[in-house]
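Topology and contacts: notes
Residue strings, one per chain:
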Amino acid sequence: MSTSAAPTPLESRASGPLAGTIRVPGDKSISHRALILGALSVGETRISGLLEGEDVLNTAKSMRTLGAKVERTGEFAWTVHGVGVGGFAQPAATLDFGNSGTGCRLVMGAVAGCPITAVFDGDASLRSRPMRRILDPLALMGAKVTVSAEGGKLPLTLQGASNPIPIEYRTPVASAQIKSAVLLAGLAAPGVTTVIEQEASRDHTELMLKHFGAEIVTTPEGSHGRRIALTGQPELRGAPVIVPADPSSAAFPLVAALIVDGSDLVLSDVMTNPLRTGLFTTLREMGASIEEDDVRGDAGEPMARLRVRASKLKGVVVPPERAPSMIDEYLVLAVAAAYAEGTTVMRGLHELRVKESDRLEATAAMLRVNGVKVEITGDDLIVEGRGHVPGGGLVATHMDHRIAMSALVMGLASDKPVTVDDTAFIATSFPDFIPLMRKAGADFA
Ligand SMILES: O=C(O)C1=C[C@@H](OP(=O)(O)O)[C@@H](O)[C@H](O)C1
Ligand SMILES: C=C(OP(=O)(O)O)C(=O)O
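Procedures and definitions
- Residues numbered from 1 in each chain as written.
- Chains lettered and ligands numbered in written order.
- Predicted model: local features only at pLDDT ≥ 70, side-chain atom pairs only at ≥ 80, totals over all residues.
- Heavy atoms only, no water.
- Helix = DSSP H or I, 4+ residues; strand = E, 2+ residues; numbered from the N terminus.
- Buried < 20%, exposed > 50% of the residue type's maximum accessible area, 1.4 Å probe, protein only.
- Areas by Shrake-Rupley, 256 points an atom, 1.4 Å probe, with all protein chains shown as cover.
- Lys, Arg positive; Asp, Glu negative; His and termini not counted.
- Charge placed at Lys NZ, Arg CZ, Asp CG, Glu CD.
- Pairing = 2+ DSSP bridges.
- Axes fitted to C-alpha atoms, helices over the stretch in contact; angles between N-to-C directions.
- Near = heavy atom within 4 Å.
- Polar contact = N/O pair within 3.5 Å; in protein donor to acceptor, adjacent residues only side chain to side chain.
- Parallel < 35°, antiparallel > 145°, perpendicular 65-115°, else oblique.
- Contact = heavy atoms within 4.5 Å.
- Domains from an automatic or database assignment.
- Buried area = accessible area lost by both parts, 1.4 Å probe.
- Salt bridge = Lys/Arg side-chain N within 4 Å of Asp/Glu carboxyl O.
- Arc of directions from axis to C-beta.

Let us now look at the overall build of the chain. For the chain, the count of helices and strands is 13 helices and 24 strands. The dimensions of the chain, computed from C-alpha atoms along their principal axes, are 60 × 45 × 45 Å. Looking at the chain as a whole, 59% of its 445 residues qualify as buried. With an accessible surface of roughly 15,500 Å², the chain has 51% of that area assigned to carbon and sulfur atoms. With 43 positive and 50 negative side-chain charges, the chain shows a separation of 1 Å between the mean positions of the two kinds.

Structure representation (structure tokens):
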């Protein structure tokens, strides 16, 4: 993403009913992991339905720079010929992850288990995000940061371990990125690497490691947590990966269909891994009509077709323990909450402060500038739903794709249009968002 390009604003206006069938792009988390695990395997990995968004394309590029053969063979179809566990080559260029926390942090883990030195960088948003949460456990495993910006941030140089040490690590916050970085480094270590999490985070890395032949055992820990034990130095074998549609992307047309009167929209192949579906649970509690059928699965990842109909919504309290299963969805949930009748309280959102933007502040600002009453109390976001949104505001997207898409959804039913200052970052996760939404009936101009 070129941050120097001229911004591309867009206005979203009250629209007629949204209808038809939409297949949103492949899941971003699974796409990153398929490329990385493919690169750490021997043999061929064929991926279908890969998300061809900028975040994932940067991960593909980094895998090439680290010695894997990564090819696009057709639309959303990719093959990877890997180098095997611990086999990354010394990179000749900086690994630039653009806007992507997931790509950057997972590849840090994979590099930490190899005897190479790599320079990691990203755009202004990624340069502002915390990396110590990843680098601290990787240091315990023998990796070293030799150069970094202040506070251990990007750009930084990471020297991988020649003899990585297996560790038992308790993650300080529920984060699949921290967990995955430790597990990917642990692949190259002799013995068992264990990650303990207080609250279970998305388990795509664990499921995919199993699919590629690793020995990995997950047991419950406390009331919501997990203990994950990975046996190091497996021979990972390339395996086929079918990437289901991304529930975090589906969230935008889904909420749009709920708030635009008369809508009846079908979303196909949506991944329904229970560690990703907190938004669906919450919207159903609010009164949303979301029906599931055509339930299938591949490599441990379930998917279904969702039929969404416009619904009268009411305010609810969202408990903090649900946060990991809907961490990227609070922005668009806040839009649904603004259209609901009554107050919605979303608790325990501290992690929203360290995403592509400070999403707690950015979400509150997005609503306020469009006439919605909203409050931040500690880590909680409180939205006063009045059944309609005045609109008329200009929303600052802060290099954050999900702010841009949430604001555009909000404008589809507001009294006056909603404008976003820049749509460019939507390309990081959902490149065809605008045409797909227009096809379903959205009035963007
Ligand atoms: O592992 C992943 O694929 C992701 C984990 C989450 O981040 P954290 O690990 O920081 O919670 C999420 O916000 C991000 O969009 C994708
Ligand atoms: C937080 C997100 O992604 P990442 O951490 O990979 O930048 C997101 O897509 O909402």
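The subject of this paragraph is the sheet that holds strand β17 (residues 301–309). Pairing is mixed in the open sheet, where four strands are placed in the order β2-β15-β17-β16. Two strands in the sheet have a free side with no partner beyond their single neighbour: β2 (19–22) and β16 (289–298). Put simply, the sheet's adjacent strands are angled 15° from each other on average, direction ignored. Where strand β15 (residues 264–271) lies against β17, six bridges are found, and the strand directions are antiparallel. Residue pairing in the sheet places Asp 264 in a bridge with Arg 309 of β17.

Attention shifts here to the site of ligand 1. Lining the immediate environment of ligand 1, one finds Lys 28, Ser 29, Arg 33, Thr 102, Ala 174, Ser 175, Ala 176, Gln 177, Arg 202, Ile 327, Asp 328 and Lys 355. Interatomic distance of 2.7 Å between a side-chain N/O atom of Arg 33 and an oxygen atom of ligand 1. One of the backbone nitrogen or oxygen atoms of Gln 177 is found 2.8 Å away from an oxygen atom of ligand 1. Notes on ligand 1: free accessible area 390 Å², of which the protein chains cover 94%.

Moving on, we come to the packing of helix α9 (residues 278–286) against helix α10 (residues 330–339). Across the interface, α9 lies against α10 with an axial gap of 11 Å and an inter-helix angle of 5°. Here α10 runs roughly parallel to α9, going by the angle between their axes. Packed against α9, whose contacting residues are Leu 279, Thr 282, Leu 283 and Met 286, the element α10 presents Val 332, Leu 333, Ala 336 and Ala 337 at the interface.

The next point concerns the site of ligand 2. Around ligand 2, 13 residues are found, and the nearest of them are Lys 28, Gly 101, Thr 102, Arg 129 and Arg 402. In this structure, an oxygen atom belonging to ligand 2 sits 2.8 Å away from a main-chain N or O atom of Gly 101. With respect to ligand 2, the side chain of Thr 102 contributes an N or O atom lying 2.5 Å from an oxygen atom. Compared with its free state, where it exposes 300 Å², ligand 2 has 98% of that area covered by protein. Of all the secondary-structure elements, those providing two or more residues to the shell around ligand 2 are α3 (101–112) and α12 (401–410).

For an interface, size is often stated in terms of accessible area lost upon the parts coming together. If you check the domain split of the chain, you get domain 1 (10–26 + 244–444) and domain 2 (28–242). Spacing between the C-alpha centres of domain 1 and domain 2 amounts to 28 Å. On the side of domain 2, 30 residues touch domain 1, which itself brings 29 residues to the contact. In total, about 2,500 Å² of surface goes out of reach between domain 1 and domain 2, with carbon and sulfur atoms giving 54% of it. Applying the counting rule to domain 1 against domain 2 returns three salt bridges. Where domain 1 touches domain 2, the interface holds 11 residue pairs in polar contact (both at pLDDT 80 or more).

Glycine aside, residues mostly have negative phi, and peptide bonds are mostly found in the trans state. With an omega dihedral of -5°, the bond running from Leu 154 to Pro 155 counts as a cis peptide bond. Within the fold, Pro 155 resides in strand β9 (residues 153–159). Positive phi is not limited to glycine here, since Ala 299 has a value of about 50°.

This paragraph deals with the environment of Arg 227. Structurally, Arg 227 is set in strand β13 (residues 225–231). With a relative accessible area of 27%, Arg 227 lands in the partly exposed category. It is 33 Å that separates the C-alpha atoms of Arg 227 and Val 147, two residues lying 80 residues apart in sequence. Those residues in contact with Arg 227 that lie beyond four places of it in its chain are Glu 168, Thr 194, Val 195, Ile 196, Val 217, Thr 218, Thr 219 and Glu 221.

The final tally for this structure, using the stated rule, is 33 salt bridges. Note that Asp 380 is salt-bridged to Arg 347, the shortest N-O span being 3.2 Å. Of this pair, Asp 380 sits in strand β21 (residues 380–386) while Arg 347 sits in the loop between β19 (341–346) and α11 (359–368), and the two are 33 residues apart along the sequence. With a relative accessible area of 15%, Asp 380 lands in the buried category.

Considered for burial, the residues of helix α13 (residues 433–440) that qualify are Phe 433, Ile 434, Leu 436, Met 437 and Ala 440. Buried residues of α13, viewed axially, fall in a sector of 165°; they line one side. Looking at the buried side of α13, the elements it contacts are β1 (10–13), β2, α8 (247–259), β15, α12 and β24 (443–444). Once α13 ends, the next one or two residues include Gly 441, with phi positive near 120°.

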